[in-house]
Each structure stands twice: as structure tokens, then as C-alpha cells.
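Descriptive structure summary
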Amino acid sequence: MTADAAADRSWKSPAVPRLTAYGRVATHDVDEAAEQIGRIFCPHGLQPEADTARDFLALHNCAAFDGFSINYVAYGGAVTIDPGCLDRFFLLQLPLAGTARVFAGAGEVATAPDHAASLLSPTLPTRMVWDACAQLILLLDRRLVEQRAAALSGRAVQPIEFDPAIALSGCHGSRLRAHMLGLADLAERLGGGGGLPSVAAANWRETLLDILFEQPGNGLAEAIRLHSGRVETLPQAVRRARDLLAAHAAEPLDLAQLAASSGVGIRALQGGFRRHFGMSISDMLLDIRLARLNAQLMAAPPGARIIDIAFDLGFTHLGRMAGAYRDKFGEAPSATLQRVQRGRFTN
């Protein structure tokens, strides 16, 4: 079909479009849609079903922030979308109109407005069939998600695979929908030329990640609750010591004072940390400091210096700090900072 012929066709949009000030793609041409949307998300196969090919349209609006974006994507007719493994990002897909069948790994999810949303993990092969479907899609950078999971759970960075089905009738699904719609509303108020201040973007990132980590499927939510000391079965002394470490993480560790404040002896407290957290008290303190360093690097303003942030967090040996950070997060602190600044510039 020629461009003039496509322009003459009336749009049969499956929903009232969102994020219209952030338009990226609007076309009736299948190859153009696959190529342009593939640049924003990832390369993918796109095939309209034969009996609805005349109704094909593709619409993609994208408001990008630091490490995440909120997108409106709509396809007219029925289309099969085959991205394979997403690799670089997680996608939370909230249906606004129509239906979609999502195949992720060995799982299958049937999504529809007010019924179910889908969550795609980057390491799971994915294929989707959309039917007159429009979705609000939250894209979260894979490195961001895996680093925050490591920071909150006490684990090293590792691949994460979530349950792809999200019931919108449940508390988790309702919270997810409210925040995705809220982010779209905020982007629309900002308009196409507006941006979020770094502090506001960081707050949105943390809120969205909190919701993401509530999703069942890999024990991550429980690991985060344990590492943060929120598990009810933790002995009171261990929980109190964990809270004190967090409250005074920038200060030098005084085991005698920590044990006395927790109401037990040093050896009993050390044994409690080994038994319940799987790490020593000093390792827990280091992990808290590394988590805060990662969070501050992700929200760092232009011109921020790693040495200043590290000293404020209680690190006294930058070489050891950098090595520990690399072991936990899979890259040097400078790489995290450069990636954040580069992403801010390109957005």
C-alpha cells in the first residue's frame, strides 16, 4: 500500500489514544511498524492475520524517563508479535481495549481490560497475539531491575523471571494499574517537551520497582522482606540490630554497642545474623552501604562524584568499595553513573 493510500484510510483505533504528545509511530504499513517500533523496543516479527489485514494500524506513543518509560501501543485488527527474548528490559502490559494472548516461556496469559495484565521478563522467549488491542506499557531497564533486586534482597545481580500473569482484581494488580495510569496522567500533564526532575524520577522508579517485586514467581518478595528485617519470625534482637545498622550505616561499626543495644551478646548476635540472613554483621553493613550507593548513583545529578557519595555513605577505602560493588552489581560504580547520565542525555 502506498503512503497516500494509507493516509486516505480512516483510523479504526481500538481505544482513545493516550500520551498523544509523545507520538513515535503512526502507520498502516506493517513493515514500517515493525521497523520503527523495533527501534524503540526490540526487533520483532509482526504478522497481521489475513482476515483482518485490511484493518491493520500501529500506533506507539512513548514518554521516556531515567531507566523507564510509559508507552501507549495499539494495533488495529489481529496481529502476531514475536520478539523472542526481550533481553534488555521488562515489560508490564496493561490492556485498555481489546484482548491479547501472551506466551512467555512455558506460560500463557489471556489479558483483557479489568481482567488481567501481563509481565514479560527479558530472558523468557515471548510471543503475543493482539486482537484490536491497545495497551499501556511500562518498560523498565533490565539492569535497573536486577540491580535494585540485588540491593534489596542481599543477593548478587542475577537474572529474574516473574510469573507473567497479573490479576487486575487483586490488590497487587489494582495497585499496578493505579500507578501506571497515574504515570500516564503525569506524563500527559508534562506534555511532550516536559521532563521529570531527577528526584521525582527516582521516587517513581522506586515505587514502580516496589510494585514489580511484589509479583510472585521466584521468591524475590520474600527475600527482600527477610533482608530488610520485616519478616515476623525474626528474633527481636536480630531485627533490632538490622534496623540499627540501617539507621547508622554511615557510621563505623561498633559490635559491642550494637549487641548491647539489641539486648544480646556479641557472639549470639553474630550467630543470629549467620542463621537468619546468611551473612555476618559486617557483610550486612557493607550490603546496606552498597545498596544506598547504587540508589544514589541511579539518582545522581549531573556533575556528581562517586568519591563524595561513597565517603558520605561511610566507605573509607575506594578500591575495596569498587570491587565489592562490582561483585554485587556486575559493573563498576563509574559504569552505573555513566549509564544513568547517558540515558538522561538521550531521553
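1. Thoughts on helix H5 (residues 198–213)
Its 16 residues place the ends of H5 22 Å apart at the C-alpha level, agreeing with the 22 Å of an ideal helix rising 1.5 Å per residue. All of the buried residues along H5 are Ala-201, Ala-202, Trp-204, Arg-205, Leu-208, Leu-209, Ile-211, Leu-212 and Phe-213.

2. Overview of the side chain of Asn-71
Position of Asn-71 among the secondary structure elements: in strand E4 (residues 68–84). Polar side-chain contacts of Asn-71 include one of 3.0 Å to the side chain of Ser-69. Setting aside chain neighbours within four positions, we find Asn-71 in contact with Leu-19, Phe-41, His-60, Asn-61, Cys-62, Gln-135, Leu-136, Ile-137 and Leu-139.

3. Description of unusual backbone geometry
Located in the positive-phi region is Asp-114, a residue other than glycine, with phi close to 65°. Mapped onto the elements of the fold, Asp-114 is located in the loop between strand E6 (107–111) and strand E7 (116–120). For Asp-114, a relative accessible area of 63% translates into the label exposed. Residue Ala-132 is not a glycine yet carries a positive backbone phi of 45°. The residue Ala-132 is located in strand E8 (residues 126–141) in this model.

4. Quick word on the pattern of salt bridges
Tallying each qualifying case throughout the model produces 15 salt bridges. We note a salt bridge from Asp-308 to Arg-305, for which the minimum N-O separation is 2.9 Å. Residue Asp-308 is classed as partly exposed on the basis of its relative accessible area, which comes to 34%. A salt bridge links Glu-331 to Arg-339; the nearest nitrogen and oxygen atoms lie 2.5 Å apart. When its relative accessible area of 11% is taken as the criterion, Glu-331 is described as buried. Here the residues in one salt-bridge network are Asp-141, Arg-143, Glu-331 and Arg-339, joined through shared partners.

5. Re the environment of Phe-277
Mapped onto the secondary structure, Phe-277 falls in helix H9 (residues 266–277). What Phe-277 contacts, discounting residues up to four positions off in sequence, is Leu-226, His-227, Leu-234, Val-238, Arg-242, Gly-272 and Met-284.

6. Regarding the confidence of the model for the protein chain
Overall, the predicted model of the protein chain reaches an average pLDDT of 90, with 94% of residues at or above 70. Long-range and interchain partners of residues 1–13, a stretch whose pLDDT sits below 50, account for 18 contacts in this model, where long-range means more than four residues apart.

Reading the values: rules and limits
- Residues numbered from 1 in each chain as written.
- Predicted model: local features only at pLDDT ≥ 70, side-chain atom pairs only at ≥ 80, totals over all residues.
- Heavy atoms only, no water.
- Helix = DSSP H or I, 4+ residues; strand = E, 2+ residues; numbered from the N terminus.
- Expected span 1.5 Å × (residues − 1).
- Buried < 20%, exposed > 50% of the residue type's maximum accessible area, 1.4 Å probe, protein only.
- Polar contact = N/O pair within 3.5 Å; in protein donor to acceptor, adjacent residues only side chain to side chain.
- Contact = heavy atoms within 4.5 Å.
- Salt bridge = Lys/Arg side-chain N within 4 Å of Asp/Glu carboxyl O.
- pLDDT = per-residue confidence, 0-100.

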